[in-house]
Amino acid sequence: MLDYLISGISLGSVYAIIALGYTMVYGIAKMLNFAHGDIIMIGGYAAFCTGYYLHWPVWLAVLFAVVVCTVLGVVIEKLAYKPLRNATSLAVLITAIGVSYFLQNVALLIWTSNPKAFPNMLSFIPYVNIGRIQITGTALGTVVTCIVVMVALTLFTDKTKMGKAMRTVSEDKGAASLMGINVNGTISLTFAIGSGLAAIAGVLLCSAYPTLMPTTGAMPGIKAFTAAVFGGIGSIPGAMIGGILLGVIEIFAKAYISTQLSDAIVFAVLIIVLIVKPTGLLGKKITEKV
Amino acid sequence: MSNQKETRYVDVPGPGRIPERDKGRGPVLECTHLGIEFGGLKAVEEFNIAVGATEIGGLIGPNGAGKTTVFNLLTKVYQPTHGVILLDGKDTHGMSTAQVNQAGIARTFQNIRLFDKLSVEDNVKVGMHNNVKYHLPSSVFRLPKFWQEEKRAHESALELLDIFGMADLADVKASSLPYGAQRRLEIVRALATKPKLLLLDEPAAGMNPSETEELMNNIRKIRDTFGIAVLLIEHDMNLVMGICENIIVLNFGKVIAKGTPEEIQNDPVVIEAYLGSQADETGSEGFAASAAKEAQKKKAEKEKAHMSEVEEASVDVEE
């Protein structure tokens, strides 16, 4: 029972980090970046190629993946989303789906559809035994990373001028630019941070579930999106709580109900949450202007 | 109605005149032939103005005259389709809203647009965004530069709030401030961007007379403490006539009059714009006096109508 809880929290931590990317981009650019899951996959491949083929040390491979994804995120935003800044949200959504398929197919061209066996990059972290329960290094590393990311991100948005600029852009783009804030720059920064986190999530995900394919990012991406909505999209602690709850629910469903049905149960939970509390657990109340 | 010493003006090359005391510094804002069309509709045209470096100017006109549009042109929320805006002698053509702000124009809004979820202090710090100098790496790794700059920002934010008696509210969420304080905070936030020209869009809207009085003192205080120019849109004529040295009257997107409060109050074109074609009868009287007279006349007519109704009603009863 506790074992399941731990692996649930570990999986949930990965969802949480991915969900942070979704939620930040939604909060600031007011768009759903459905290509986010595929950036995870690219991050996975970047770490795999440098770590496995080139035998780079783990930290360097991860750093490389973060840089690749950060650049990729900013470039995607500039090329695909920025021209649509004033377009309808549906147009942006469809573009995001297009970008998602584009990335998957590029990965298919470069790395083929053969699954790669991803080496566990967190194997250097030792097992920890608490009583009779054994926590794997991977799970421990994942949870710790998640906590560090969460704290760092909260400090960043609350205490630094760039973070405050992000919050103002999220609240009122017009007023923010009249206060001298570069709105486009701030949105780019948001994509950069979200995509950098996606790279970390990619490494964590593939370390725990070591099959890397061009479609690896798609399902976790959708689930993390669910987690972001679950916790209240636009809210950083909401993404965190949503991610971890979702991971725990998924593992428990797999363990006690049915492996095949676990995904269905996860999405059923989302539907119930949305019926009961449409803004998500920590969602901001939407007040209609009259 | 003006309760301050008449400002002496000097002509400057270009579109207008500036107070004599600002002569040495040149106008902070000059607009020539400024205008914008929305699909053939000329929302503002031929807007020419010069604002002295420490001048308090007023922009008045009936609803829909294009006053806020002028502010939106000056701050590049709209890109002008005609004309030139010189800020401190520098052409702002092609600048973005954020760049114009950095170049020295700050504004407040007709409907308060504070960052509600941020504290009072953070709202002010957002205004300082471009004056707080550190880069992403130093904030991520919390280098000494970050702490120094954040400390400096904290201190100057409190200093600025203190000038307007709001230092004790620094930690309060902006949305929970009372209305008057929110209006004041908007001004403080705008001042935090270190402007050369402060644009106030209906700063007295929704204020009672004593709050308006305080606002007038604050606007003068801003001009004297920071040595900057203020241009304001306002419907409250007591405020406009009380503190503005130079007034521009807009109607249907065109400037119909420019001048000192006295000149404006006696301008028949202005009176006509505000009151319709009664100008013939009241043209020689003061603007405010004629407005008051007009109101009185209307009231009298209404009472008379009411009286006759009552009379008719009583006749009905008798029958």
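As a starting point, this report considers the structure included with it. Being a predicted model, the structure only gives us computed values, none of them experimental. (Residues numbered from 1 in each chain as written. Chains lettered and ligands numbered in written order. Predicted model: local features only at pLDDT ≥ 70, side-chain atom pairs only at ≥ 80, totals over all residues. Heavy atoms only, no water.)

Describing the overall build of chain B
Within chain B, the secondary structure is distributed over 12 helices and 12 strands. Burial status across chain B gives 50% buried among its 319 residues. Across chain B, contacts joining residues at least 24 apart in sequence account for 64% of those joining residues at least 6 apart. When the accessible surface of chain B is totalled, it reaches about 15300 Å², and 52% of it is carbon and sulfur. (Helix = DSSP H or I, 4+ residues; strand = E, 2+ residues; numbered from the N terminus. Buried < 20%, exposed > 50% of the residue type's maximum accessible area, 1.4 Å probe, protein only. Contact = heavy atoms within 4.5 Å. Areas by Shrake-Rupley, 256 points an atom, 1.4 Å probe, with all protein chains shown as cover.)

Section: the overall build of chain A
When helices and strands are tallied, chain A shows 11 helices and 4 strands. Over its C-alpha trace chain A gives a radius of gyration of 19 Å, about what one expects of a compact globule, namely 19 Å for 290 residues. On the principal axes, the C-alpha backbone points of chain A span a range of 60 × 45 × 35 Å. Intrachain contacts of chain A at a sequence separation of at least 6 include 74% that bridge at least 24 residues. For chain A, the distance from the average site of its 17 positive side-chain charges to the average site of its 9 negative ones is 6 Å. (Rg over C-alpha atoms; globule rule 2.2 N^0.38 Å. Lys, Arg positive; Asp, Glu negative; His and termini not counted. Charge placed at Lys NZ, Arg CZ, Asp CG, Glu CD.)

Details of the interface of chain A and chain B
Taken together, the contact between chain A and chain B spans 24 residues of the former and 31 residues of the latter. Considering only the surface of chain A that becomes buried against chain B, Lys161(A), Leu178(A) and Met179(A) emerge as the three largest contributors, covering 32% of it. Applying the counting rule to chain A against chain B returns 3 salt bridges. Put simply, Glu150(B) and Lys164(A) hold a salt bridge, and the shortest N to O gap is 4.0 Å. At the boundary of chain A and chain B, one finds 11 residue pairs in polar contact (both at pLDDT 80 or more). Among the elements of the structure, α5 (137-159), α6 (161-171) and α7 (173-178) of chain A are those that each provide at least two residues to the side of chain A that touches chain B. Sort the elements by how many residues they give to the side of chain A that touches chain B and α6(A) lands first, with 7 residues. (Buried area = accessible area lost by both parts, 1.4 Å probe. Salt bridge = Lys/Arg side-chain N within 4 Å of Asp/Glu carboxyl O. Polar contact = N/O pair within 3.5 Å; in protein donor to acceptor, adjacent residues only side chain to side chain.)

Considering helix α2 (residues 36-53) of chain A
Residue and element names in this part refer to chain A. Under the 1.5 Å per step criterion, the end-to-end length of α2 is 25 Å for 18 residues, consistent within 8% with the ideal 26 Å. Burial runs high along α2: 16 of the 18 residues are buried. Immediately beyond the C-terminal end of α2, within one or two residues, lies histidine 55, with a positive phi of roughly 55 degrees. (Expected span 1.5 Å × (residues − 1).)

Here we look at the side chain of Thr108(B)
Residue and element names in this part refer to chain B. With respect to the helices and strands, the residue threonine 108 is situated in the loop between β8 (105-107) and α3 (120-127). Looking at threonine 108, its side chain comes within polar contact range of the main-chain nitrogen of aspartate 201, at 3.3 Å. Residues contacting threonine 108, with those up to four places away along its chain left out, are Glu186, Ile187, Ala190, Leu199, Leu200 and Asp201.

Topic: the sheet that holds β8(B)
Residue and element names in this part refer to chain B. Reading across the sheet, the 6 strands line up as β8-β9-β10-β5-β11-β12 and stay open at both edges, with mixed pairing between neighbours. The open sheet terminates on both sides in strands that have one partner only, identified here as β8 and β12 (254-259). In this sheet, neighbouring strand axes are inclined to one another by 20 degrees on average, regardless of whether the strands run parallel or antiparallel. Bridge analysis of strand β11 (residues 246-251) against β12 gives 5 bridges, and the strand direction is antiparallel. In the sheet register, isoleucine 248 faces β12, and the bridge partner there is lysine 258. Across the sheet, helix α1 (residues 67-74) touches β5 (56-60), β8, β9 (197-201), β10 (229-233) and β11, and the angle it forms with β10 is around 140 degrees. Contacts from helix α6 (residues 179-192) reach β8 and β9 within the one sheet, and its direction differs from that of β9 by about 155 degrees. (Pairing = 2+ DSSP bridges. Axes fitted to C-alpha atoms, helices over the stretch in contact; angles between N-to-C directions.)

Some words on the environment of Thr160(A)
Following the sequence through the fold, Thr160(A) ends up in the loop between α5 and α6. Thr160(A) gets classed as buried once you look at its relative accessible area, which sits at 0%. The residues touching Thr160(A), leaving out its near neighbours within four places in the chain, are Leu155(A), Tyr134(B), Ser139(B), Arg142(B), Phe146(B) and Glu150(B). Looking at Thr160(A), its side chain comes within polar contact range of the main-chain oxygen of Phe156(A), at 2.7 Å. Within the structure, the side chain of Thr160(A) is placed 3.0 Å from the backbone nitrogen of Gly163(A), a separation counted as a polar contact.

Looking at the packing of aromatic side chains
Residue and element names in this part refer to chain A. Following the criterion strictly, the structure yields 15 aromatic pairs over all chains and no others. Pairing tyrosine 4 with tyrosine 256 gives two aromatic rings, centres 5.6 Å apart and planes at 75 degrees, and the pair type is edge-to-face. Here tyrosine 4 is found in helix α1 (residues 2-29), whereas its partner tyrosine 256 is found in helix α10 (residues 236-257), with 252 residues between them in sequence. Assessed through its relative accessible area of 34%, tyrosine 4 is described here as partly exposed. With relative accessibility at 48%, the residue tyrosine 256 sits in the partly exposed group. For the pair phenylalanine 48 and tyrosine 53, a centre-to-centre distance of 5.5 Å together with 75 degrees between the ring planes defines the contact as edge-to-face. (Phe/Tyr/Trp six-rings, centres within 6.5 Å; stacked < 30°, edge-to-face > 60°.)

Concerning the nonpolar core
Counting residues in each nonpolar core, the largest one holds 136 residues, and the members touching the most others are Tyr81(A), Val124(B), Leu185(B), Leu198(B) and Leu232(B). If near-sequence neighbours (up to four positions away) are discounted, Val124(B) is found in contact with Ala157(B), Leu160(B), Leu161(B), Leu185(B), Val188(B) and Ala192(B). If you look at the next biggest cluster of nonpolar residues, it comprises 29 residues, including Ile36(B), Ala43(B), Leu199(B) and Ile248(B). (Core = buried A, V, L, I, M, F, W, Y, C linked by side-chain atoms within 4.5 Å.)

Side note on the pattern of salt bridges
All names here are of chain B. Within the structure shown, the criterion is met by 20 salt bridges over all chains. The shortest N-O distance in the salt bridge between glutamate 150 and lysine 125 comes to 3.7 Å. One end of the pair, glutamate 150, is in helix α5 (residues 144-163); the other, lysine 125, is in helix α3, with 25 residues separating them in the sequence. Grouping residues by exposure puts glutamate 150 and lysine 125 together as buried. The shortest N-O distance in the salt bridge between lysine 151 and glutamate 155 comes to 3.6 Å. Within this pair, lysine 151 and its partner glutamate 155 are both found in helix α5, separated by 4 residues, close to a single helical turn. Note on lysine 151: relative accessible area 54%, which makes it exposed. The exposure class assigned to glutamate 155 is partly exposed, which follows from its relative accessible area of 41%.

A short note on empty space enclosed by the protein
Using the criterion set out here, one finds 3 cavities of 30 Å³ or more in the structure. Its volume calculated, the largest cavity comes out at about 70 Å³. Forming the boundary of the largest cavity are Lys161(A), Lys164(A), Ala165(A), Ile181(A), Lys125(B), Val126(B), His129(B), Val132(B), Glu150(B) and Ala153(B). For the lining of the largest cavity, the elements supplying multiple residues, two or more each, are α6 of chain A together with α3 and α5 of chain B. Examining the composition of the lining of the largest cavity, we find that 3 residues originate from one element, α6(A), more than from any other. Of the residues belonging to the lining of the largest cavity, the class tally is 5 nonpolar, 1 polar and 4 charged. (1 Å grid on protein atoms, 1.4 Å probe; cavity = no way out; pocket = protein on both sides within 12 Å on 5 of 7 lines; lining within 4 Å. Points joined across faces, edges and corners; volume = space filled by probe spheres on them. Nonpolar A, V, L, I, M, F, W, Y, C, P; charged D, E, K, R; others polar.)

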